Amino acid sequence: MCVFAAIIFLFLGSVKGFSTKSEPCTYNKGSLCKPALANAAFSTLAFLLGALTSVLSGFLGMKIATYANARTTLEARKGVGKAFVTAFRSGAVMGFLLSANGLLVLYITIILFKLYYGDDWEGLYESITGYGLGGSSMALFGRVGGGIYTKAADVGADLVGKVERNIPEDDPRNPAVIADNVGDNVGDIAGMGSDLFGSYAESSCAALFVASISSFGISHDYTAMSFPLIISSVGIVVCLVTTLFATDLFEIKDVSEIEPSLKRQLVVSTILMTVGIAMVSFFALPSEFTLFNFGTEKAVKNWHLFFCVSIGLWAGLVIGYTTEYYTSNAYSPVQDVADSCRTGAATNVIFGLALGYKSVIIPIFAIAIAIYVSFSLAAMYGIAVAALGMLSTIATSLAIDAYGPISDNAGGIAEMAGMSHKIRERTDALDAAGNTTAAIGKGFAIGSAALVSLALFGAFVSRAGIKTVDVLTPKVFIGLIVGAMLPYWFSAMTMKSVGSAALKMVEEVRRQFNTIPGLMEGRAKPDYANCVKISTDASLREMIPPGALVMLTPLIAGTLFGVETLAGVLAGSLVSGVQVAISASNTGGAWDNAKKYIEAGASEHAKTLGPKGSDAHKAAVIGDTIGDPLKDTSGPSLNILIKLMAVESLVFAPFFAAHGGLLFKYL
């Protein structure tokens, strides 16, 4: 963090040679703006604040989850409804904490920066973009490090425990069981939390920046300027009302009501939020205004923005439901994958991959429609607020997302504490629903990342002073093709890291089973600490290369090849990253639930595929193990790759515009 903060300061300070004189504004012609050195200092400060908030949100999320998981297990003795309420409420605590925290710190930052910037809103909101960069750069390490940690433990525990030794999941005799349960929190709570916080911070920053160079900023209309922040705060109130639907208005009596209740959360929050957006659009915005549109001003009415935000919100719902259809074992796609396990692991893998590729179609159309409508109505600002719309119900999506790992851990605790079979069944039912909601959460994260990075891309192009990005020029095209390659390079790094860490873990677990006498009989205790150490070391060591790839690419492309090539790189990585991310996380989720479908044996079809330990079940476990790094490491970290490169380019845009493209200048 410190190194990167220093880089931001040096690069941005050098734009005008570290001068402390005021200079004419870029957009608001005829007035003076604060010096570039001030922008450098405040961007660096905003970057550190964003990073700290992101780390804090991950830390608090973990804290809440570890309080909640044992309580959920204890509540499960009284019935599934009580356990559900406990798990859901603790997820909600994290959701509200995070969305409110992000909003509060951003608001305070704007107010404090205003003391120095005064009337220079252009410089103020440009330096605020550092906040988004800080949030996302921490999220990258949380996601990648957390993903490597959790999956090394998970794969190691599954392969040796379930496939080789035939002991149940979360059995206390398994040396990797503690690392596996800790890992669920690291990846799915700390990682997911800081990831969505990053999206949220960036979409707010993108919207604020574009607004500051439009009529809002130039005429100093503070209410209209704060439109993105007001939408987020209405979102928090809406989510408060929505949570009551799950915990107080409808009581859960049966296992089959869990998943519908979680899905109801999404629909209720979306409908209520649409009403909220309508109110904000009519009260906070002037009835007509102009927005910056690549050098020209576009006249927009306030109801146009209502449509932009709403379409983002509803596109999020469509993506969530599509993800659910492709990853929940209540529907035919996952049941087909489970059925293919009869003929072994190979057919399972083929079916699973096909499902993942197919599941990309509807979300991409949803994102495409959202982009087209919001851009035609309100240019780049429209896309930024559409991304905010998708994230406005962030508290609810985080609540149903954090609910997953909490109930997963509750099951682990029940198994390790040797509680009765009935309790484990209840926690398993909670967990199966949690798996699907986790997939929905990832869908949201990826969809919003696509819109956010497009908004940031637009802000970058505006800031760097590019009028058009022409694909036919070689400079841009080489950028496009290299950018499209980056998600594959990044996935290769993360997959390999999980693989090599899992290898060490499998060897360690095997060694303990073979050398500790009486371990299988339950007379001796395994050495849990050693497995935790393997996971921790691997994740800390292995997250540096993928992180460096993402952080350095925009710097190298912008400095050596200039802003046009960098624009190509951003577009390429956005276009290919979204596809890879959606297919990876859905494939993994489907394999996981196909395995759960066979294990639960709820339908006649599932019973024919065998109890635990049958050949079909073993094939399903292998599919699940392959899917683990896909759905929890590569897939979710890709959305950060897309956003982080875009927000970083935006922060460094003044430098690239002034000094970038060294190679083309001297060749």
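Note that the coordinates shown come from a computational prediction; the quantities given were computed from them, not determined experimentally.

Conventions used here
- Residues numbered from 1 in each chain as written.
- Predicted model: local features only at pLDDT ≥ 70, side-chain atom pairs only at ≥ 80, totals over all residues.
- Heavy atoms only, no water.
- Helix = DSSP H or I, 4+ residues; strand = E, 2+ residues; numbered from the N terminus.
- Rg over C-alpha atoms; globule rule 2.2 N^0.38 Å.
- Buried < 20%, exposed > 50% of the residue type's maximum accessible area, 1.4 Å probe, protein only.
- Contact = heavy atoms within 4.5 Å.
- Areas by Shrake-Rupley, 256 points an atom, 1.4 Å probe, with all protein chains shown as cover.
- Lys, Arg positive; Asp, Glu negative; His and termini not counted.
- Charge placed at Lys NZ, Arg CZ, Asp CG, Glu CD.
- Axes fitted to C-alpha atoms, helices over the stretch in contact; angles between N-to-C directions.
- Left-handed = near helix turned anticlockwise from the far one by under 90°.
- Nonpolar A, V, L, I, M, F, W, Y, C, P; charged D, E, K, R; others polar.
- pLDDT = per-residue confidence, 0-100.
- Salt bridge = Lys/Arg side-chain N within 4 Å of Asp/Glu carboxyl O.
- Disulfide = S-S within 2.5 Å.
- Phe/Tyr/Trp six-rings, centres within 6.5 Å; stacked < 30°, edge-to-face > 60°.
- Patch = residues over 30% accessible without salt bridge, like charges linked within 9 Å, V, L, I, M, F, W, Y side chains within 5 Å.
- Expected span 1.5 Å × (residues − 1).
- Bend = angle between axes of the 7 residues up to and from the residue.
- Core = buried A, V, L, I, M, F, W, Y, C linked by side-chain atoms within 4.5 Å.
- Arc of directions from axis to C-beta.
- Polar contact = N/O pair within 3.5 Å; in protein donor to acceptor, adjacent residues only side chain to side chain.

1. Focus: the overall build of the protein chain
In terms of helices and strands, the protein chain carries 22 helices and 4 strands. A compact globule built from 667 residues would reach a C-alpha radius of gyration of about 26 Å, and the protein chain, at 25 Å, matches this within 12%. Buried positions account for 63% of the 667 residues belonging to the protein chain. Contacts spanning at least 24 positions in sequence make up 83% of the contacts within the protein chain whose residues lie at least 6 apart. Summed over its atoms, the accessible surface of the protein chain is roughly 23,500 Å², and 69% of this surface lies on carbon and sulfur atoms. Between the averaged position of the 46 positive side-chain charges in the protein chain and that of its 50 negative side-chain charges there is a distance of 2 Å.

2. Examining the packing of helix 2 (residues 36–75) against helix 4 (residues 121–164)
Relative orientation of the contacting elements helix 2 and helix 4 amounts to 35°, with a least axis distance of 6 Å. For helix 2 against helix 4, the interelement crossing comes out right-handed. The segment helix 2 lies against helix 4, with Asn39, Phe42, Ser43, Ala46, Phe47, Leu49, Gly50, Ala51, Thr53, Ser54 and Val55 engaging Gly123, Glu126, Ser127, Ile128, Gly130, Tyr131, Leu133, Gly134, Gly135, Ser137, Met138 and Ala139. Partitioned by chemical class, the residues of the contact of helix 2 with helix 4 number 11 nonpolar, 11 polar and 1 charged.

3. What to know about the confidence of the model for the protein chain
Predicted confidence across the protein chain gives a mean pLDDT of 85, with 97% of residues reaching 70 or more. The spread of mean pLDDT over the elements of the protein chain runs between helix 6 (residues 215–218), the lowest at 69, and helix 12 (residues 345–358), the highest at 92.

4. Some points on the side chain of Asp188
Examined against the element boundaries, Asp188 turns out to sit in helix 5 (residues 177–212). Among buried Asp, Glu, Lys and Arg side chains, Asp188 stands out as unpaired, with Arg143 the closest opposite charge at 4.3 Å. Non-local contacts of Asp188, meaning those with residues more than four positions away in its chain, are made with Arg143, Gly183, Asp401, Pro405, Lys442 and Asp632.

5. With respect to the side chain of Thr396
Tracing the backbone shows Thr396 in helix 14 (residues 394–416). Judged by relative accessible area, Thr396 falls into the buried class, the value being 3%. Non-local contacts of Thr396, meaning those with residues more than four positions away in its chain, are made with Cys239, Thr242, Gln265 and Ser269.

6. Structural notes on the environment of Ser614
Relative to the elements of secondary structure, Ser614 occurs in the loop between helix 20 (604–608) and helix 21 (615–659). Separated by 16 residues in sequence, Ser614 and Ile598 place their C-alpha atoms 9.7 Å apart.

7. Notes on the state of the cysteines
According to the stated counting rule, one finds 0 disulfides in the structure shown. Lacking any disulfide linkage, Cys308 is separated from the closest cysteine sulfur, that of Cys205, by 19 Å.

8. What about the packing of aromatic side chains?
Evaluation of the coordinates by the stated rule reveals 15 aromatic pairs. Relative to Phe47, the ring of Phe4 lies with its centre 5.6 Å away and its plane at 50°, an arrangement referred to as tilted. Residue Phe4 is found in helix 1 (residues 2–13), and its partner Phe47 is found in helix 2; the two are separated by 43 residues along the sequence. Here Phe4 and Phe47 have matching classes, each one buried. Ring geometry for Trp303 against Phe307: centres 6.1 Å apart, planes inclined by 85°, an arrangement best described as edge-to-face. Here the residue Trp303 and the residue Phe307 both occupy positions in helix 10 (residues 302–327), the gap between them amounting to 4 residues, near one helical turn. Among the residues examined, Phe307 registers a relative accessible area of 42% and is labelled partly exposed.

9. As for a nonpolar patch on the surface
Where nonpolar side chains cluster on the molecular surface, the patch consists of Ile478, Leu552, Ile556, Leu560, Leu662, Leu663, Phe664 and Tyr666 and spans about 700 Å² of accessible area. Among the secondary structure elements, those contributing two or more residues to the nonpolar patch are helix 18 (544–561) and helix 22 (662–666). With 4 residues, the single largest contributor to the nonpolar patch is helix 22. Structurally, Leu663 is set in helix 22. Under the relative-accessibility criterion, Leu663 is labelled partly exposed at 33%.

10. Regarding the pattern of salt bridges
Taken as a whole and judged by the stated rule, the model has 24 salt bridges. The closest approach of N and O atoms between Asp632 and Lys631, which form a salt bridge, is 3.3 Å. Classification of Asp632 by relative accessible area gives buried; the value is 7%. The network of salt bridges with common partners includes Lys151, Asp154, Asp431, Lys442, Asp592, Lys595, Lys596, Asp624, Asp628, Lys631 and Asp632.

11. Overview of the packing of helix 3 (residues 80–117) against helix 5
One can describe the packing of helix 3 onto helix 5 by two numbers: an axis separation of 10 Å at closest approach and a directional angle of 35°. Regarding helix 3 and helix 5, the two cross each other, and that crossing is right-handed. Within the contact between the two elements, helix 3 uses Met94, Leu98, Ser99, Gly102, Leu103, Leu106 and Ile110 and helix 5 uses Ile189, Gly193, Phe197, Tyr200, Ser204 and Leu208. Residues belonging to the contact of helix 3 with helix 5 are distributed by class as follows: 9 nonpolar, 4 polar and no charged.

12. Concerning helix 5
Compared with an ideal rise of 1.5 Å per residue, which puts 36 residues at 52 Å, helix 5 spans 51 Å between its outermost C-alpha atoms and is within 8% of the ideal. Of all the bends in helix 5, the greatest, near 25°, is centred on Met192. Where burial is concerned, most of helix 5 is hidden: 34 out of the 36 residues are buried.

13. So, the nonpolar core
Nonpolar side chains in soluble globular proteins tend to be buried together. With 166 residues, the main nonpolar core has Phe84, Phe227, Ile258, Leu305, Tyr381 and Phe460 as its most contacted residues. The greatest single-element share of this core, amounting to 18 residues, is contributed by helix 15 (residues 421–463). If we ignore the near neighbours within four places in the chain, the residues touching Leu305 are Phe227, Ser281, Leu285, Phe289, Ala378, Tyr381 and Val385. Counting 18 residues, the second-largest nonpolar core is a separate cluster that includes Cys341, Ala590, Leu609 and Ala620.

14. Observations regarding helix 17 (residues 528–542)
In this model, helix 17 (15 residues) spans 21 Å end to end at C-alpha, consistent with the 21 Å of a helix rising 1.5 Å per residue. Among the residues of helix 17, Tyr528, Cys531, Ile534, Ser535, Ala538, Ser539 and Glu542 are the ones counted as buried. Looking straight down helix 17, one finds that the buried residues subtend no more than 130° of arc, so they occupy a single side. Opposite the buried face of helix 17, at more than 90 degrees from it, the exposed residues are Ala529 and Leu540. As for helix 17, its buried residues are in contact with helix 4, helix 5, helix 16 (474–515) and helix 18. The N-cap of helix 17, judged by a side-chain oxygen 3.3 Å from the amide nitrogen of Ala529 a few residues on, is Asp527.

15. A closer look at unusual backbone geometry
The residue Asn166 is not glycine, and still its phi comes out positive at about 55°. Looking at the element boundaries, Asn166 is found in the loop between helix 4 and helix 5.

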